[in-house]
Amino acid sequence: VAEWLTIFSDGSGGYGDYRIEAAPSQARAYTLATNRYHFSGGIDARTPGQLSLSPTSTRVATQTTSKDTAVGAVVWTDALGPAFFAPVGIYCIRLGHTNTSEDTLGTVAATGVCLHTDNASVQYLYASFGASDYISRRVVAGTWSQDADVTALQMDSLDDGRMAKVNTNGYQISICPAGADPFTIANWGAGISVGKPQNLITALTHIGDILIVCKTDGAYAYNPVNATFVNLTPSIAVHDDNGKRAIAVGGLGVLMPLANGDMVQIDTGLQARSVGPGINAQPGRDTPLGRITAICYTGEWGYAYTEPFTGKTPGAGRTTYGLGTAVVLEYPPGTFTDYSAVACDNNANTCIELTGAISNGGDAYLYVGANVPFEGAYLTMRTVNTESASLFTNVYYSSPGWAAVSGGLIDLTWRTIPNCGFARSGYIGWPTKNIPNLMAKATVNGKERYWVKFKFGSIAAVK
Amino acid sequence: MALAPDAYSSSSGVNVSTLTWSHICTGADLLLVVGVDTFAGGGNPIRAVVGITYNGVALAKIDAQDAGAYCRSELWYLVAPATGTHDIIVDLGGGGIYGISGVTGYIVGGARSLTGADQSAPLGTIAKATGTTTPATVTIASAAGEYVVDSACAYQATAITMTVGTGQTEDWNVTPATGYVGAGSYKAHAVTSMYWALSVTALGWATVAVVIKPTSAPASTDTTVSELWVIPARTEPFPIADGYTGLLAQVLATHFPHLLAWKVDNGQFIWHDLGPVPAYAPLDAMAVGNVMVGGGTEPGLVLFGVESFNGFVTTNIGATSLPVAQRRYPQAGGVADTKSGVIFLSRRQFTQPHRITTVRIWGENVQQADTIRFGWRWDRKRWQTQGEIHGLPVELPITDTTSGLFLETVIGITDYQPWESAVPVITRVDVLPEPVDDALVPEPDEQIPGVD
């Protein structure tokens, strides 16, 4: 006997609401677990009793003079009022009510940003430039000044007035005491090693006056008893992107994104636990999860941006079973090199070597295959390309034979212009959504798969 | 490639005409800079260096500065010195400028090697100075990314020492005898001067400094990919009846960056997917605050994000300071445009095969001109839609041509009048499923592969 099934009611029947629902009588219960991901797909379901149009992003300004990656963003009240600040490359964006500007920070790209108040109770916005230049700071009036001897990769201001910085060797931190001027190199203490030197620091944050150092192998907290840093998350797998964009969230402690799409919370008791959106998710069915690339919070709610796919596909890509991912490079023409074994081994030291094919241009193809139709690929770069040329000119899929993908590529590995790939890790796909339905198996280099082949373009003028 | 310090070394001698010491070079794009200070003493005068070799390869002279007849400082360099441990040999020869032999009273030699140096034109500005009062300083300007290397010497009849200037890294500071001191250092980045503080006024000091330029960082085609993972097809086009596939299709397509909202409720993290970012680019930084953006006058919660591509700035969650079309939250205030669509995705797992026969939808503030779309699919097969729905509440029969165990439903809204003060909301959705025969259950190979 058919019965009505309520799939949404009063904000409690769907995934948009976080509360645990009761099991419908005629369907197996699909219990919403806590600490898990609730896909509300572009709708605001936070208010019980209604679904409303959700917030969506709007591009309100274009920052045209820099092509680099933002190193952080802060809200700061300067002389013109509250505004957002974000160093991007050699510029600092200011987005406020009546004034949107780009200040020139220096001649090299910034690596970090933080707010700090020094001994004279003067508020500054600090920017660091790694080993390439000395730190700079901006006063509320808008003037930037640069130090003459202090370098830092990143900086953070602790609640007790101290300032911490990541030294340019990447694995040590130094402390500037409360009330001391960070522009005076003598005020900075000696470098303190955090963990192993080969695991670099990815973020610097704090819980109150406790410095939390995020590294590629975990989150470290300072142990004053023996003056060492202790890894609070020793079980996570080392990855270059672990900890990037970690933030302090007041009473919640520190949130540390991981490369696999998860997020770790370090609470005020220095206890670590997984709280990411993918926890308890059913892989391949529940979540479109990717790596968290930016995160912020205010009051009750926080927000995060995710990059697509990065967190969910590694296991699915293994070549021996599952998707049977195959990667073959045709270069020079007629010569095929099989990179399938290194494509999905999660080992940064085994690489698909594209250099020769890119230099050659025009006559080289990268073949990507799988046992199932697919809609794109995620590339984790080891050595990024600095050419400005368009690297993929055409894409074809096996259909059978080779059919061209029209409409260009969706390329998240770009640097300066669309279709200029390999400047960062990211997704490459195609805008025509029905291609997976049109794909057919073919044989390339002895492997029968659903294939897509990317044609390298010729190298244009060097930047 | 940025400049970076490699290694330093030093040695000294008394009444000699040559000086030899070993130095280790390691790295790429190497440059070796050698400083030599000679002093008058023991009846032997200061000397001009005739030649310097490293691993048997001759260095080139950069410049020299005398401090009267008391001391003399010189700088030499070699591009691409051999890596490994090799001897530096300084030859004072027989060409002494104040004597006929090559023997000098005291000599201090030091070397500094750098990696990442421009291999075709590694030297920039050269400067030198002499004087007697402290500090021993020379004015020289360099740019960010460049280094300055110096050599300095000082002489006094009594004890004298030199202390390296702030920001400089001391490579050698040698006192071969009381009153004689030779030293060398380097300083990174934007330098305006190099200096050494003297413990007492000298009878004479001399210093030479040179700007070292980094490699010009040519564009590189070096490209390696450590991992490559295919994305199995699991999202399909969402065929809306009127052909409108814009935002609904975008939301269903998972290759867009998504904005998530999170909160902590009773100690647990709760996550909501607020939908895709309209731009393709990932966002690398974000902040949220009550910042008035644009021409408004009232504060409100605004999200600020920076895209990595072209540095675009995006904001999110409209405050009343945003233009009306951009206001979203927390105030009710309309939507972005008349084509804005949102969806609500829900999923159910059945223990027996089902199909749906009817859908009921309730809502508030939904105008007749607003459009509701309802879609569903079974077991990840093709989406089916009910087409356009106008006016709520509504109960509609469904023609479900498929069936299965795993049901996904989607609701879309298009708000026709974004200037309306009230946001259209859906308050309830029911579907009426009915069991079907087992024969209608799809075979496994009919499903989209790779999803489980």
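Residues numbered from 1 in each chain as written. Chains lettered and ligands numbered in written order. Predicted model: local features only at pLDDT ≥ 70, side-chain atom pairs only at ≥ 80, totals over all residues. Heavy atoms only, no water.

Further remarks concern the overall build of chain B. What chain B contains, in helices and strands, is 1 helix and 29 strands. Taking all 452 residues of chain B together, the buried fraction comes to 59%. Taking all contacts inside chain B whose residues are at least 6 apart in sequence as the whole, residues at least 24 apart take part in 73%. (Helix = DSSP H or I, 4+ residues; strand = E, 2+ residues; numbered from the N terminus. Buried < 20%, exposed > 50% of the residue type's maximum accessible area, 1.4 Å probe, protein only. Contact = heavy atoms within 4.5 Å.)

It is worth spelling out the overall build of chain A at this point. Counting its regular elements, chain A contains 3 helices and 38 strands. Classification of the 463 residues of chain A by burial places 56% in the buried group. A separation threshold of at least 6 residues defines the contact pool for chain A, and within that pool the share at least 24 residues apart is 49%. Accessible surface, chain A as shown: approximately 16,600 Å² in total, 51% of it carbon and sulfur. (Areas by Shrake-Rupley, 256 points an atom, 1.4 Å probe, with all protein chains shown as cover.)

Residues and elements named next belong to chain A. Considering the arrangement of structural elements, one finds Asp 147 in the loop between strand 13 (144–146) and strand 14 (155–157). Despite its burial, Asp 147 remains without a salt bridge, the nearest opposite charge being carried by Arg 137 at 7.2 Å. Polar side-chain contacts of Asp 147 include one of 3.3 Å to the backbone nitrogen of Asp 149. Non-local contacts of Asp 147, meaning those with residues more than four positions away in its chain, are made with Tyr 134, Ile 135 and Phe 183. (Lys, Arg positive; Asp, Glu negative; His and termini not counted. Salt bridge = Lys/Arg side-chain N within 4 Å of Asp/Glu carboxyl O. Polar contact = N/O pair within 3.5 Å; in protein donor to acceptor, adjacent residues only side chain to side chain.)

Moving on, we get to the packing of aromatic side chains. Applying the stated criterion across every chain, the model contains 14 aromatic pairs over all chains. Geometrically, the ring pair formed by B:Phe374 and B:Trp376 is stacked, given 5.8 Å between the ring centres and 25° between the ring planes. The pair B:Phe374 / B:Trp376 is uniform in exposure class, with both members buried. An aromatic cluster of three or more residues is present, and its members are A:Phe336, A:Tyr365, A:Tyr367, A:Trp402 and A:Trp451. The ring of A:Tyr396 carries A:Lys453 above its face, with NZ or CZ at 5.5 Å from the centroid. Positioned above the aromatic ring of A:Trp4 is the side chain of B:Arg360, whose terminal nitrogen or guanidinium carbon lies 3.7 Å from the ring centre. (Phe/Tyr/Trp six-rings, centres within 6.5 Å; stacked < 30°, edge-to-face > 60°. Lys NZ or Arg CZ within 6 Å of the ring centre and 35° of its normal.)

Attention shifts here to the side chain of B:Arg47. All names here are of chain B. Residue placement: Arg 47 occurs in the loop between strand 3 (31–39) and strand 4 (51–54). No salt bridge is formed by the buried Arg 47. Its closest oppositely charged neighbour is Asp 91, at 10 Å. At 2.6 Å, the side chain of Arg 47 forms a polar contact with the backbone oxygen of Val 103.

Residues and elements named next belong to chain B. Within the open sheet, the 3 strands sit side by side as 11-16-13. Their pairing is antiparallel. Every interior strand has two partners, whereas the edge strands, strand 11 (136–139) and strand 13 (162–164), have only one. Adjacent strand axes in the sheet meet at a mean angle of 25°, parallel and antiparallel pairs treated alike. (Pairing = 2+ DSSP bridges. Axes fitted to C-alpha atoms, helices over the stretch in contact; angles between N-to-C directions.)

So, about the pattern of salt bridges. Summed over all chains, the structure comprises 14 salt bridges over all chains. Note that A:Asp160 is salt-bridged to A:Arg162, the shortest N-O span being 2.9 Å. Assessed through its relative accessible area of 33%, A:Asp160 is described here as partly exposed. B:Arg355 is the partner of B:Glu434 in a salt bridge, and the nearest nitrogen-oxygen pair spans 3.0 Å. One end of the pair, B:Glu434, is in strand 29 (residues 425–435); the other, B:Arg355, is in strand 24 (residues 341–364), and 79 residues separate them in sequence. In this structure B:Arg355 comes out as partly exposed when scored by relative accessible area, which is 28%. The network of salt bridges with common partners includes A:Asp78, A:Arg94 and A:Arg138.

What follows concerns the sheet that holds strand 11 (residues 123–128) of chain A. All names here are of chain A. The antiparallel open sheet is built from 4 strands, whose spatial order is 10-11-12-13. For this open sheet the edge positions go to strand 10 (112–117) and strand 13, each flanked by a neighbour on one side alone. Put simply, the sheet's adjacent strands are angled 25° from each other on average, direction ignored. Both strand 10 and strand 11 contribute to a ladder of 6 bridges, which runs antiparallel. Across the sheet, residue Leu 115 finds its bridge partner in strand 11, namely Leu 125.

This paragraph deals with the pairing of strand 7 (residues 81–88) of chain A. Within a regular strand, the side chains alternate between the two sheet faces. All names here are of chain A. The buried fraction of strand 7 is high, at 7 of 8 residues. Sheet analysis places strand 6 (residues 74–78) next to strand 7, joined by 5 bridges and oriented antiparallel. What sits directly across from Trp 76, in strand 7, is Ala 83. Summarising the sheet, strand 7 and strand 8 (residues 91–96) pair through 6 bridges and their orientation is antiparallel. Across the sheet, residue Phe 84 finds its bridge partner in strand 8, namely Leu 95. A loop of 2 residues connects strand 7 with strand 8, the two strands running antiparallel in sequence, and Gly 89 in this loop sits at a positive phi of about 65°.

Along the polypeptide, B:Asp370 turns up in the loop between strand 24 and strand 25 (371–378). Separated by 19 residues in sequence, B:Asp370 and B:Ile389 place their C-alpha atoms 8.4 Å apart.

Below, the discussion takes up the confidence of the model for chain A. Residues and elements named next belong to chain A. Mean pLDDT over chain A: 76, with 72% of residues reaching 70 or higher. Ignoring residues within four places in sequence, the model shows residues 10–54, a span with pLDDT below 50, making 159 contacts including any to other chains. Note on residues 280–288: pLDDT under 50 across the span, and 30 contacts to partners over four residues away in sequence or across chains. (pLDDT = per-residue confidence, 0-100.)

Another point: unusual backbone geometry. At the junction of A:Tyr331 and A:Pro332, the peptide bond is cis and its omega measures out at -10° in the coordinates. Following the sequence through the fold, A:Pro332 ends up in the loop between strand 28 (326–330) and strand 29 (336–338). Along the chain, B:Thr134 connects to B:Pro135 via a cis peptide bond; the corresponding omega equals 0°. Considering the arrangement of structural elements, one finds B:Pro135 in the loop between strand 10 (123–131) and strand 11. One non-glycine residue, A:Asn445, adopts positive backbone phi at about 55°. Relative to the helices and strands, A:Asn445 is located in the loop between strand 37 (441–444) and strand 38 (447–456). Positive phi, normally seen in glycine, also occurs at B:Asn55, with a value near 55°. As for its position among the elements, B:Asn55 is in the loop between strand 4 and strand 5 (57–58).

For A:Ala259, the position within the fold is in the loop between strand 23 (254–257) and strand 24 (263–266). When its relative accessible area of 5% is taken as the criterion, A:Ala259 is described as buried.

Tracing the sequence through the fold places B:Ser142 in the loop between strand 11 and strand 12 (147–155). Sequence separation of B:Ser142 and B:Ser193 is 51 residues, and the distance between their C-alpha atoms is 8.9 Å.

All names here are of chain A. Where burial is concerned, most of strand 31 (residues 365–370) is hidden: 6 out of the 6 residues are buried. The pairing of strand 28 with strand 31 spans 5 bridges and is classified as antiparallel. For Val 328, the partnering residue across the bridge sits in strand 31 and is Tyr 367. As paired elements, strand 31 and strand 38 share 6 bridges and run antiparallel to each other. Across the sheet, residue Val 368 finds its bridge partner in strand 38, namely Val 452.

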